[in-house]
Structures are given as C-alpha cells and as structure tokens.
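If you want the building blocks of each chain, they are given just below.
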Amino acid sequence: MKINMKKFFILSFLIIALLFSNFNIVYAEDNAEPNLLSKAAILMDNKTNKILYDKNANEKMFPASTTKIMTAILVLENCDLNETVTASYDAVMSIPQGYVSADIDGDEQFTVEQLLEMLLVHSANDAANVLAEYVGGSIESFVSMMNTKVNELGLSNTHFTNTYGLQDENHYTTAYDLSIIMQYCLKNDDFRRIAGSASCSIPATNKSDVRSYTSTNQLLVPDSPNYYSYVTVGKTGFTTEAGECLVSCAYKNDLELICVVLGGTIVNNVSTRFSESKTLYEYGFNNFSLKNIANPGDVITEIEISNASPDTKSLDLAFSDSIYALVKNSDFNTNYTPEIELNSNISAPIAQGDVLGKAIYTIDGIRYASDIVATHNVEASALLSFVLQIGGLFIALLITFEIFFSNRKKKNSMHR
C-alpha cells in the first residue's frame, strides 16, 4: 500500500510539473517577437505612435502599388467624390504592359469615387494616371504634389516619380514612412471606406458595361483563406523588384494598429504580405493593451496658494483630459507615477478650470501628457489685500511728501 501511494504522488507531481511546463512554453511563444521573411516591416499603434515591431523599418525599399495610398489621399483632399472625370488617351495608354489596369478607354467618363474604387480595390494603374491628370493638370504636376506632401509629413526617406508604383530607382520609401502616410490617410473617412472595401462594382459608362472587382487585399475578402476579420483598410503592391508588399490597418479591443510589410515572397502558395501581416497583428493584439491611467477630474495633487483666503488656499489639481497609454499586457497592473510641472508664480485669484501645469507620464519611451487644472475658485486673502492696500497707500504718501518737500527746497533755494 505504501509503495502504491508513493508511486501515486510521484506520478501526480510529474503531471503537474508537465502542465506548468507547457503553460510557460506557450506564454513565452506568445511574447516572442515574430521572425519574418519579409525584408522590412513595422507594426505601429495609430493612437500613440508606439512602434511594437520593427524590421529594417528605415531601410529604403520599392513600394510598388502601395504608392497609391498617397495618390488617393491627394485626390480626396482636392476633389468632390461626385465630380465627373474624362479619361485622356495619354493617361491610360502610358501604362506598361503587364501592369494592372481597368481597361479604361480614352474619353471614358467616371466619377472621382468610381476611379478611387478602381484604384484602391482593383489596384488599377490607369485609374491612378487619370485621377492624377485631373487633379494636377498633368501627371508630372501631380507627382510634384505627392513629393510636397511627403515633405509636409516630415518624411526624409521617401521620393515618388510616378502615381502608381512603376518600378524606378528613384521611386522609393520605407516601412516607417509608409506607416506615417497610412496614418495620415486614416484621418479621412472616405479613404477608410473605399480602401476598406472587399469589392466594388463600377456602373456602365459611355464606353463600357458594368465592371466588378474583388479587392487585391485578401485580408479584407471574407471568402479568402487569407481573410482576417480585424483588418479594416489595406493596399497591396507587387513588382519583381519590390516583392510582395502590403500596408494595412486592423482594429481589435480598442487598439488600432498599422502594419507595413515590404519585400515579401510566396511560401506554400501564400503571399507573406498576408501571412506575416496577420502574424504581426496577432503579436500586437495578444501582447499590448491600452491602459486608462487618468480621467478628467481625477485629482493628482494638492497645493497651497500663499496669498489665498484661508478657506480656499488648499487647492486640488485635477487632470483636464483622459490619458491612455499603450502598455505590455505583463505591465498592465503597474501603477505609473507622473512628473508634475507647475506654472511659475501661481497666485490668487484663480478660477475653477484654470490650467496651472501639466502631468506627464513617460512609459516605454512614449510621452503622455495632460493639463492639470484648478478644481475650485481661489480667492485672494482679504487681510492680505488690506495690508497691500495700506502698504500701497503708505508708499503713495511717501512719494507725495518727497515731491512736496523737494519742491519746497527748490523754492527756498531760488528765493535766496
């Protein structure tokens, strides 16, 4: 009997140890950074700009058709969606053979929105040139607008020579720069809607029957084996030199992440632009969360106003805004302490809501800040005001006497 019990305890111990061992292994794998085949990639939180993953993110790469997100946003900023555009022969015939097109004819008419659908859903290069010519007056002028916008966004490693990603040594960007361009594009609701479409249907025109397209971004297409339900926006790209490319956005659990993969390849008949984008998103969503660390009205500190009335001199300072920080899940329960920067020469009177400083949290190199405000009115001390008034009156009398006696001395000296 004793031997059996001994074996039972040993066996139980081994089973428990094995279970905990497996648990730890899973946890480690979940937190391990992905190992990608793509030459360059980045995963960034759209709200805080925190970079969650980076592989050669600042290395110059060819963008291929991911270029079109810049083309699209400039069109959206300079046109009404219902404007009618007539395609020129030169715009549509300048697309090299082998590049994707919507078979647009010269003199064919579309709305701006229809051309944007063909541009972002079908990745039609002829649509890019038609829009560029319409907006810029010429394709060359529009490309100049693209590079002006690059400079406005402060991007030093991006330069465009065409509207759609035609291979060119001087047409380049980086994964980081593309993430910033995408972040800028996401501020436009029409861009989000069109670039997030799984398909589109272009009505019959003066030159063609109805055209229907499925998005080249398979992460958006529900019946695709590469479908990823959290992706909301995306634009693919491919040339032989650029490889498999994708810039996209996904939303889950209040996190909106921007992902860029460049220089990808095909593995087991699946583009790594899809498989590795999903891998990066899962890494981000599984390991990071937004933590609410402050709310408007939360008291952060108390100060004493030296010249205030006795019943108002103790003043609570509170956050004016909410603060959300992106933190690792392993750090979610950490209590963070802010640095408080008070304005100089704070004195009564003070009105409720007056900004008296800032509260700053620095977490993993990211700075989160909120103004801090007075929670109630602070009145100046009546006694102090009285003393100051008496003091002011006394000084005024001294000055008056000084002037009076000075004048008398002058008069006396003149009579002598």
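### Comments concerning the overall build of the protein chain
And step 1. When you go through the protein chain residue by residue, the secondary structure sums to 10 helices and 18 strands.
And step 2. The buried share of the protein chain, taken over its 416 residues, is 45%.
And step 3. Looking at the protein chain as shown, the accessible area adds up to about 21,800 Å², and 52% of this sits on carbon and sulfur atoms.

### Examining the packing of aromatic side chains
And step 1. A complete count under the given rule lists 7 aromatic pairs for this structure.
And step 2. For the ring pair tyrosine 228 and tyrosine 281, a centre distance of 5.8 Å and an interplane angle of 10° mean the geometry is stacked. Separated by 53 residues along the polypeptide, tyrosine 228 in the loop between strand 6 (211–214) and strand 7 (231–239) and tyrosine 281 in helix 9 (residues 272–287) bring together distant segments of the chain. Across this residue pair, the class does not change: tyrosine 228 and tyrosine 281 are buried.

### Some remarks on the packing of helix 2 (residues 68–78) against helix 7 (residues 175–185)
And step 1. Axis separation between helix 2 and helix 7 bottoms out at 10 Å; the angle between their running directions is 30°. In terms of orientation, helix 2 and helix 7 fall into the roughly parallel class. Handedness of the helix 2/helix 7 crossing: left-handed. Taking contact as the criterion, the partners of Ile69, Met70, Ile73 and Glu77 in helix 2 are, on helix 7, Leu178, Ile181, Met182, Tyr184 and Cys185.

### Here's the deal with the pattern of salt bridges
And step 1. The final tally for this structure, using the stated rule, is 10 salt bridges.
And step 2. For the salt bridge of glutamate 77 with lysine 149, the shortest nitrogen-to-oxygen distance reads 3.4 Å. Of the two residues, glutamate 77 is situated in helix 2 and lysine 149 in helix 6 (residues 139–152); the sequence distance between them amounts to 72 residues.
And step 3. The salt bridge involving arginine 192 is made with glutamate 256; its shortest N-O contact spans 2.9 Å. Here arginine 192 is found in helix 8 (residues 189–195), whereas its partner glutamate 256 is found in strand 9 (residues 255–264), with 64 residues between them in sequence.
And step 4. Arginine 192 sits in the partly exposed class, given a relative accessible area of 25%.
And step 5. A relative accessible area of 15% places glutamate 256 in the buried class.
And step 6. Among the ionic contacts, a cluster of salt bridges with common partners joins Glu77, Lys149 and Glu152.

### Quick notes on the environment of leucine 74
And step 1. Looking at the element boundaries, leucine 74 is found in helix 2.
And step 2. Under the relative-accessibility criterion, leucine 74 is labelled buried at 4%.
And step 3. On a C-alpha basis, the gap between leucine 74 and cysteine 185 in space is 9.3 Å, while along the polypeptide they are 111 residues apart.
And step 4. If near-sequence neighbours (up to four positions away) are discounted, leucine 74 is found in contact with Phe142, Met145, Met146 and Lys149.

### Some details on the packing of helix 2 against helix 5 (residues 125–136)
And step 1. Close contact between helix 2 and helix 5 brings their axes to 10 Å; oriented N to C, the two are set at 35°. The handedness of the crossing between helix 2 and helix 5 comes out as left-handed. For the pair helix 2 and helix 5, the contacting residues are Lys68, Thr71, Val75 and Asn78 in the first and Asn125, Ala128, Leu131 and Val135 in the second.
And step 2. Residue classes in the contact of helix 2 with helix 5 are distributed as 4 nonpolar, 3 polar and 1 charged.

### Some remarks on the sheet that holds strand 2 (residues 51–55)
And step 1. Within the open sheet, the 5 strands sit side by side as 2-1-9-8-7. Their pairing is antiparallel. If you trace the sheet from one side to the other, it starts and ends with strand 2 and strand 7, each paired once. The mean angle between the axes of side-by-side strands here comes to 5°, regardless of whether they run parallel or antiparallel.
And step 2. Those strands touched by helix 9 are strand 1 (40–45), strand 2, strand 7, strand 8 (243–252) and strand 9, and its axis lies near 145° from that of strand 9.

### Concerning the layout of surface pockets
And step 1. Estimated volume of the largest pocket: approximately 300 Å³.
And step 2. As for the largest pocket, its lining consists of 19 residues, and the residues nearest its centre are Ser65, Val100, Ser123, Gly237 and Phe238.
And step 3. Broken down by element, the lining of the largest pocket gets its largest block of residues, 5 residues, from strand 7.
And step 4. Of the residues that constitute the lining of the largest pocket, the class distribution is 5 nonpolar, 11 polar and 3 charged.

### Here we look at a nonpolar patch on the surface
And step 1. Side chains of Ile395, Ile399 and Ile403 sit close together on the surface and give an oily, nonpolar patch of about 290 Å² of accessible area.
And step 2. The residue isoleucine 403 is located in helix 10 (residues 382–415) in this model.

### With respect to the sheet that holds strand 13 (residues 299–304)
And step 1. A sheet is described by the order of its strands in space; here 5 strands give the open sequence 13-14-18-17-16, paired in antiparallel fashion. Edge positions in the sheet fall to strand 13 and strand 16 (339–342), since each has one partner strand and no second. In this sheet, adjacent strand axes meet at a mean angle of 30° when their direction is disregarded.
And step 2. Of the strand pairs in this sheet, strand 13 and strand 14 (residues 314–319) are connected by 5 bridges, and their pairing is antiparallel. The residue bridging valine 299 from the neighbouring strand is alanine 318, located in strand 14.

### Let's talk about the confidence of the model for the protein chain
And step 1. When pLDDT is averaged along the protein chain, the result is 90; 85% of the residues meet or exceed 70.
And step 2. Between residues 13–29, whose pLDDT stays under 50, and residues either more than four places distant or in other chains, the model counts 1 contact.

### Some points on unusual backbone geometry
And step 1. In this structure, the amide linkage connecting alanine 348 to the following residue, proline 349, adopts the cis form with an omega of 5°.
And step 2. Tracing the backbone shows proline 349 in the loop between strand 16 and strand 17 (355–363).
And step 3. Located in the positive-phi region is aspartate 103, a residue other than glycine, with phi close to 55°.
And step 4. Looking at the secondary structure, you find aspartate 103 in the loop between helix 3 (89–93) and strand 4 (109–111).
And step 5. A positive phi angle, near 55°, is found at asparagine 345, a position not held by glycine.
And step 6. Mapping asparagine 345 onto the fold places it in the loop between strand 16 and strand 17.

Rules behind the numbers
Residues numbered from 1 in each chain as written. Predicted model: local features only at pLDDT ≥ 70, side-chain atom pairs only at ≥ 80, totals over all residues. Heavy atoms only, no water. Helix = DSSP H or I, 4+ residues; strand = E, 2+ residues; numbered from the N terminus. Buried < 20%, exposed > 50% of the residue type's maximum accessible area, 1.4 Å probe, protein only. Areas by Shrake-Rupley, 256 points an atom, 1.4 Å probe, with all protein chains shown as cover. Phe/Tyr/Trp six-rings, centres within 6.5 Å; stacked < 30°, edge-to-face > 60°. Axes fitted to C-alpha atoms, helices over the stretch in contact; angles between N-to-C directions. Parallel < 35°, antiparallel > 145°, perpendicular 65-115°, else oblique. Left-handed = near helix turned anticlockwise from the far one by under 90°. Contact = heavy atoms within 4.5 Å. Salt bridge = Lys/Arg side-chain N within 4 Å of Asp/Glu carboxyl O. Nonpolar A, V, L, I, M, F, W, Y, C, P; charged D, E, K, R; others polar. Pairing = 2+ DSSP bridges. 1 Å grid on protein atoms, 1.4 Å probe; cavity = no way out; pocket = protein on both sides within 12 Å on 5 of 7 lines; lining within 4 Å. Points joined across faces, edges and corners; volume = space filled by probe spheres on them. Patch = residues over 30% accessible without salt bridge, like charges linked within 9 Å, V, L, I, M, F, W, Y side chains within 5 Å. pLDDT = per-residue confidence, 0-100.

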